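# Secondary and tertiary structure notes
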Number of protein chains: 2
Amino acid sequence: MKYCSVCGSEVRVGVPDGDNRPRHLCDQCGTVHYQNPKVVAGCIAHWEDKVLLCRRAIEPRLGLWTVPAGFMENGETTYEGAMRETLEEANARVAVDDLYVTVNLPHINQVYMLFRGRLLDLDFSPGEESLAVELLAEPEIPWDRMAFPTVSEALKLYFADRSQGTFPVRMLDIVREGGLPGRYLVRNIS
Amino acid sequence: MKYCSVCGSEVRVGVPDGDNRPRHLCDQCGTVHYQNPKVVAGCIAHWEDKVLLCRRAIEPRLGLWTVPAGFMENGETTYEGAMRETLEEANARVAVDDLYVTVNLPHINQVYMLFRGRLLDLDFSPGEESLAVELLAEPEIPWDRMAFPTVSEALKLYFADRSQGTFPVRMLDIVREGGLPGRYLVRNIS
């Protein structure tokens, strides 16, 4: 951020009065431009013992596998975001069950909220952002070709919980270890 | 938003190629300015049978009561946000238990994430944004002077669940009914 989105003047970084963090400030019109984490809403959608995975057609991680998930939009609820992403990325309709796992990713200012969902029919197909969409049983999951650790960790928990016949609501932290790309520390919070 | 925060040119509203929603677009530098919901992190902090409430010293709802909660900051986790807000608004230290309730507020683009927490000591006091901080038992809650329906509804659920001896993770929608200020529709999602 270099310019004020309200008045177009150059902004500076400084700590506003009564605040304790640096923000982008506009001295011209007085606006403080806050930046906050974004919610990524998504769905672990199942049909019988299989879950729906998408192969990404876009960067980052083009060609790798994920569950349908994306940035929550203004005007929708978290689970509506999860349903919308499932429709957009996999042309699939789900009945959303409960929130399953929240993943804190503080190094990239994201909070994943993944819901469990039940596919309503088998009429799915790749959306614009997917190369392929498949229903995969646990032994078929391409663990070494997953797009994001968030999704791998969530799916590991999901299969472990499913084998116990219960899905407690879970929370994970995933943080970049030592600031190194590709190395992550996973903490089970609940 | 009138100006591009990257290059300072005027922005226009339009639907980008491959998208399906209007965004603020900069024709000069090509930036698409997305706007997304914000997370409000907070804490229902208890000591024995009482919960910690703050009387707001700031608008909106100055003088009314709430639990410590505020916009999640970049670089923190959801529960760290809840702990930080509890410290800032009530000078109170908590051990955070689990996520308790997520509240979708699509009409104002917010998602509340309220955690259950246990006060670590009784050395609390009003922070800069609070006029008073008090530990209140259920019959002492000022239900008619609560700042936000989010907090009232969350506390009602909390006391009901506590009386059953269990705290399932819950989700609510609260939407403005008929677009009328002060009238809300509450939906129990889970």
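Residues numbered from 1 in each chain as written. Chains lettered and ligands numbered in written order. Predicted model: local features only at pLDDT ≥ 70, side-chain atom pairs only at ≥ 80, totals over all residues.

## Examining the interface of chain A and chain B
Taken residue by residue, the interface counts 38 residues in chain A and 38 residues in chain B. A per-element tally of the side of chain A that touches chain B places strand 8 (residues 94–105) of chain A first, with 4 residues. Of the residues belonging to the side of chain A that touches chain B, the class tally is 17 nonpolar, 13 polar and 8 charged. (Contact = placed C-beta atoms within 7 Å. Helix = DSSP H or I, 4+ residues; strand = E, 2+ residues; numbered from the N terminus. Nonpolar A, V, L, I, M, F, W, Y, C, P; charged D, E, K, R; others polar.)

## Here's the deal with the nonpolar core
Counting 86 residues, the largest nonpolar core has Cys 43, Ile 44 and Leu 114 of chain A together with Cys 43, Ile 44 and Leu 114 of chain B as the members making the most contacts within it. Once residues lying within four places of it in the same chain are set aside, the contact partners of Leu 114 of chain A are Gly 42, Cys 43, Ile 44, Val 67, Ala 69, Tyr 100, Val 101 and Ala 154 of chain A. Judged by nonpolar contacts, the second largest core, of 6 residues, contains Cys 4 and Val 11 of chain A together with Cys 4 and Val 11 of chain B. (Core = buried A, V, L, I, M, F, W, Y, C linked by C-beta atoms within 7 Å. Buried ≥ 20, exposed ≤ 12 C-beta atoms within 10 Å, placed from the backbone.)

## Some details on the pairing of strand 5 (residues 50–56) of chain B
All names here are of chain B. Sheet topology places strand 4 (residues 38–47) next to strand 5; 2 bridges connect them, and they run antiparallel. Looking at strand 5, one finds that His 46 is bridged to Val 51. Hairpin connection, strand 4 to strand 5: the antiparallel pair is bridged by 2 residues, and Glu 48 has positive phi, about 50°. Bridge count between strand 5 and strand 10 (residues 130–136): 6 bridges; the pairing is antiparallel. (Pairing = 2+ DSSP bridges.)

## Notes on the domain arrangement of chain A
What the domain assignment lists for chain A is domain 1 (1–35) and domain 2 (38–188). Spacing between the C-alpha centres of domain 1 of chain A and domain 2 of chain A amounts to 35 Å. (Domains from an automatic or database assignment.)

## Points about the relation of the copies chain A and chain B
For these two chain copies, the linking operation is a rotation about an axis paired with a shift along it. Overlaying chain A with chain B gives an RMSD of 0.0 Å, the required rotation being 180° about an axis along which the chain moves by 0.0 Å. Considering both components of the superposition, the chain copies are consistent with a two-fold axis. Here 100% of the contact residues of chain A are again contact residues in chain B; the copies associate through an equivalent surface. (Least-squares fit on C-alpha atoms with pLDDT ≥ 70 in both.)

## Side note on helix 1 (residues 78–90) of chain B
Between its first and last C-alpha atoms helix 1 of chain B spans 18 Å; for 13 residues at 1.5 Å apiece the expected length is 18 Å, and the two agree. Looking only at helix 1 of chain B, the buried set comprises Thr 78, Tyr 79, Gly 81, Ala 82, Met 83, Glu 85, Thr 86, Glu 89 and Ala 90 of chain B. (Expected span 1.5 Å × (residues − 1).)

## Some points on helix 2 (residues 149–164) of chain A
Residues and elements named next belong to chain A. For helix 2, with 16 residues, the first-to-last C-alpha span of 23 Å sits near the 22 Å given by 1.5 Å per residue. Where helix 2 is concerned, the buried positions are Thr 150, Val 151, Glu 153, Ala 154, Leu 155 and Tyr 158. For helix 2, the secondary structure elements touched by its buried residues are strand 4 (38–47), strand 6 (65–66), strand 8, strand 9 (110–119), strand 11 (170–176) and strand 12 (184–188). Once helix 2 finishes, Gly 165 follows within two positions and takes phi at roughly 75°, a positive value.

## Structural notes on the environment of Val 67 of chain A
Residue and element names in this part refer to chain A. With respect to the secondary-structure elements, Val 67 resides in the loop between strand 6 and strand 7 (69–71). On the neighbour-count criterion, Val 67 (29 C-beta atoms within 10 Å) is buried. When the C-alpha atoms of Val 67 and Leu 53 are compared, they prove to be 4.9 Å apart, with 14 residues separating the residues in sequence.

## Overview of unusual backbone geometry
Here Glu 59 of chain A and Pro 60 of chain A are connected by a cis peptide whose omega angle stands at -5°. Note that Pro 60 of chain A resides in the loop between strand 5 (50–56) and strand 6. Unlike most non-glycine residues, Glu 48 of chain B shows phi in positive territory, near 50°. As for its position among the elements, Glu 48 of chain B is in the loop between strand 4 and strand 5. On the basis of neighbour counts, which here come to 9 C-beta atoms within 10 Å, the residue Glu 48 of chain B falls in the exposed class.

## Points about the pairing of strand 12 of chain A
All names here are of chain A. Of all 5 residues in strand 12, 0 are buried, a share of ten percent or less. Alignment of strand 11 against strand 12, held across 5 bridges, turns out to be antiparallel. The residue of strand 12 that forms the bridge with Leu 172 is Asn 188.

## As for the sheet that holds strand 2 (residues 23–25) of chain A
All names here are of chain A. One open sheet holds the 3 strands; their spatial order is 1-2-3, and the pairing between them is antiparallel. With partners counted over all chains shown, the strands left at the sheet margins are strand 1 (12–14) and strand 3 (32–33), one partner each. Examined bridge by bridge, strand 1 and strand 2 share 3 bridges and lie antiparallel to one another. Bridge pairing links Val 13 to His 24 in strand 2.

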